[in-house]
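Architecture and fold: a report
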Amino acid sequence: MRQRSFGVILSIALGITAFIVLAVLGREIRYKIGQDMVLMGGVNVIQVLMDDEQYPGQPLREFQPGTVGALRALPGVGMVGRNVRHSIVFSLRSSGERTIQVGFIGIDDYFVDIYSLDLVSGRFLNATDMEQHRRVCMLGREAAKNLFGSEQGSIGKLLFLGKDVFEVVGVVSGVMLGSWGRGGFLPYTTMVDRNWGTGKLARLFIRAIGWEDVPRLVEQIPKTIREHQVAPHIVVRTQEDQLERIKTTFLWVEILLWLGIAASLMLGGFGIWYGTFAAVRARTREVGLKKAMGGSDADILAQFLAEALCKSVAGGVLGILLGIALVEAGAFSLGTGISYPLLTVSSLGSIVFSALIGIAGGLYPALQASRMDVVTALRFE
């Protein structure tokens, strides 16, 4: 009986623990996991293009600083970077004496964070490089290997791009780079000075805080741009297919998590129901004796119901203690804060819910015990 009771308490405790952790840290856990999944596909990066060149006779426009500032202020926007839309390709001689076609794009200092680049060697391009129009560049890992044989050996090397000499200051990689890993990156100001890639800042890379923000931002971005400048031809690009797959994956993960919690709590409820029935059967003669000595139906009902309630509340208290410990550990691991009001509400709600499970599981067996016939109970073997 003790083992059965412990199993019931543990089942309820595990359900309550999972409920508290998901209630308090669910959003942060979802965000962190979502970021990892997002990095694999870049689904929270929105590309916005001025598409004037597709319309003959239209002037080639670019995004103005005021427009970029307004976009950065939109809820759900993490970062906004301005870039030269088109790349420029140079024929470069590798250390193996073969000619390699390498494309370069003009980026600002936000590009590294927007695309979550990893530094393989050297340093990233920074705001000072942009402000001083420096002749420096970063190479993708594959481009560095093709040109110089290794990432570390690329740092400090000189590249002849057109009539200018550029120094390689960094080598980068990242799962979101794609084909850009075979190319290079220049300060956008340097490209604009030379009119490379049309010389217009006609492309924005906007990183949403979470993938849930993407659909709303897709609608808001064109409106915000047109409120601050003339922009008749705007193209907004997202990775809709991958975004839908991630949404579907998260939906099923959440459903399975909540089903697991519900199953654990239901198992505890059925355990209380079965355990109370077993207790009533084992103590049938005791019930008859109490009734014969003047015990009322309400007394018998209260006795068995209190036992069921004690088991469920004990499970709830244990679950709350485990939940608080896991929330503290999870918050430390994720590097986030804890909403203590939410933790308090979740804990109080868990106690109430545990009590309801005990009442629901023990009520029917307790009623059966309270309605026993005295003579039949006393003669029970």
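Scroll up to find the structure this text is about.
Right, let's walk through the structure included here. These numbers come from a predicted model, not from an experiment.

1. Section: the sheet that holds strand β11 (residues 234-237)
Consider a sheet: its strands pair through backbone hydrogen bonds, and that pairing is either parallel or antiparallel. Taking strand neighbours across the sheet as the criterion, the 4 strands line up as β2-β10-β1-β11 in an open arrangement whose pairing is antiparallel. Where the open sheet ends on each side, the last strands, each with one partner, are β2 (77-83) and β11. Within this sheet the neighbouring strands show an average axis-to-axis angle of 20 degrees, counted without direction. With 6 bridges joining them, β2 and strand β10 (residues 203-208) adopt antiparallel strand pairing. Paired with V77 across the strands is A208, a residue of β10. Across the sheet, helix α2 (residues 65-72) lies against β2 and β10, angled at about 160 degrees from β2, the strand it touches most. Lying on the sheet, helix α7 (residues 214-228) is in contact with β1 (45-50), β2, β10 and β11; it crosses β1 at an angle near 25 degrees.

2. Quick look at the packing of aromatic side chains
Scanning the model with the defined rule gives 10 aromatic pairs in all. When the ring centre of W196 is taken as reference, the NZ or CZ atom of R194 above it lies at 5.9 Å.

3. Structural notes on the pairing of strand β3 (residues 88-93)
Burial along β3 is one-sided: I88, F90 and L92 are buried, while V89, S91 and R93, pointing the other way, are not. The sheet contact formed by β3 and strand β4 (residues 99-107) spans 6 bridges and is antiparallel. Looking across to β4, one finds that S91 is bridged to Q101.

4. Concerning the environment of D193
Here D193 shows up in helix α6 (residues 188-193). Linking D193 and H133, residues 60 residues apart in sequence, is a C-alpha distance of 8.2 Å.

5. Brief notes about the nonpolar core
If you look at the biggest cluster of nonpolar residues, it comprises 41 residues, and the most contacted ones within it are F104, F111, Y115, L159, L161 and F185. Not counting chain neighbours up to four residues away, the residues in contact with F104 comprise S87, I88, F90, L92, C137, L139, L159, L161, G184, F185, L186 and M191. One finds I46, A202, A208 and L217 within the second-largest nonpolar core, a separate group that totals 19 residues.

6. A closer look at α7
Along its 15 residues, α7 runs 21 Å from first to last C-alpha, staying within 8% of the 21 Å computed at 1.5 Å per residue. Considering bend angle alone, the principal kink of α7 is centred on Q220 and spans about 30 degrees; proline P222 follows within four residues of it.

7. Quick notes on the environment of A144
Within the secondary structure, A144 is located in helix α5 (residues 141-148). Between the C-alpha atom of A144 and that of V171, which follows or precedes it by 27 residues, the distance is 6.9 Å. Setting aside residues no more than four positions away along its own chain, A144 makes contact with L139, G149, S150, E151, S154 and V171.

8. Brief notes about the packing of α2 against α7
The relative placement of two packed helices is expressed as an angle between their axes plus a distance between the axes. With their axes 9 Å apart at the nearest point, α2 and α7 run at an angle of 145 degrees to one another. Crossing geometry of α2 relative to α7 is assigned as right-handed. Residue-level inspection shows G66, T67, A70 and L71 of α2 in contact with α7, the latter providing I221, T224, I225 and H228.

9. Remarks on unusual backbone geometry
In this structure, H133 takes a positive phi of about 55 degrees despite not being glycine. Examined against the element boundaries, H133 turns out to sit in the loop between α4 (127-131) and β6 (136-140). Within the chain, N195 stands out as a residue other than glycine whose phi angle is a positive 60 degrees. Within the secondary structure layout, N195 lies in the loop between α6 and β10. On the accessibility criterion, N195 (54% relative accessible area) is exposed.

10. Section: helix α11 (residues 340-370)
The terminal C-alpha atoms of α11, which comprises 31 residues, lie 43 Å apart, in line with the 45 Å expected from a rise of 1.5 Å per residue. L363 marks where α11 bends most, by close to 40 degrees; the proline P365 follows one to four residues later.

11. Section: the side chain of S346
If you trace the backbone, S346 turns up in helix α11. With relative accessibility at 6%, the residue S346 sits in the buried group. Ignoring any residue separated from it by four or fewer positions in sequence, one finds S346 in contact with F19, I20, A23 and V24.

12. Examining the environment of L49
Summarising the element assignment, L49 is placed in strand β1. A sequence separation of 14 residues divides L49 from F63, and the C-alpha atoms of the two residues are 9.1 Å apart. With near-sequence residues (within four places) excluded, L49 lies in contact with F63, R85, A202, R203, H233, I234, V235 and R237.

Parameters at a glance
- Residues numbered from 1 in each chain as written.
- Predicted model: local features only at pLDDT ≥ 70, side-chain atom pairs only at ≥ 80, totals over all residues.
- Heavy atoms only, no water.
- Pairing = 2+ DSSP bridges.
- Helix = DSSP H or I, 4+ residues; strand = E, 2+ residues; numbered from the N terminus.
- Axes fitted to C-alpha atoms, helices over the stretch in contact; angles between N-to-C directions.
- Contact = heavy atoms within 4.5 Å.
- Phe/Tyr/Trp six-rings, centres within 6.5 Å; stacked < 30°, edge-to-face > 60°.
- Lys NZ or Arg CZ within 6 Å of the ring centre and 35° of its normal.
- Buried < 20%, exposed > 50% of the residue type's maximum accessible area, 1.4 Å probe, protein only.
- Core = buried A, V, L, I, M, F, W, Y, C linked by side-chain atoms within 4.5 Å.
- Expected span 1.5 Å × (residues − 1).
- Bend = angle between axes of the 7 residues up to and from the residue.
- Left-handed = near helix turned anticlockwise from the far one by under 90°.

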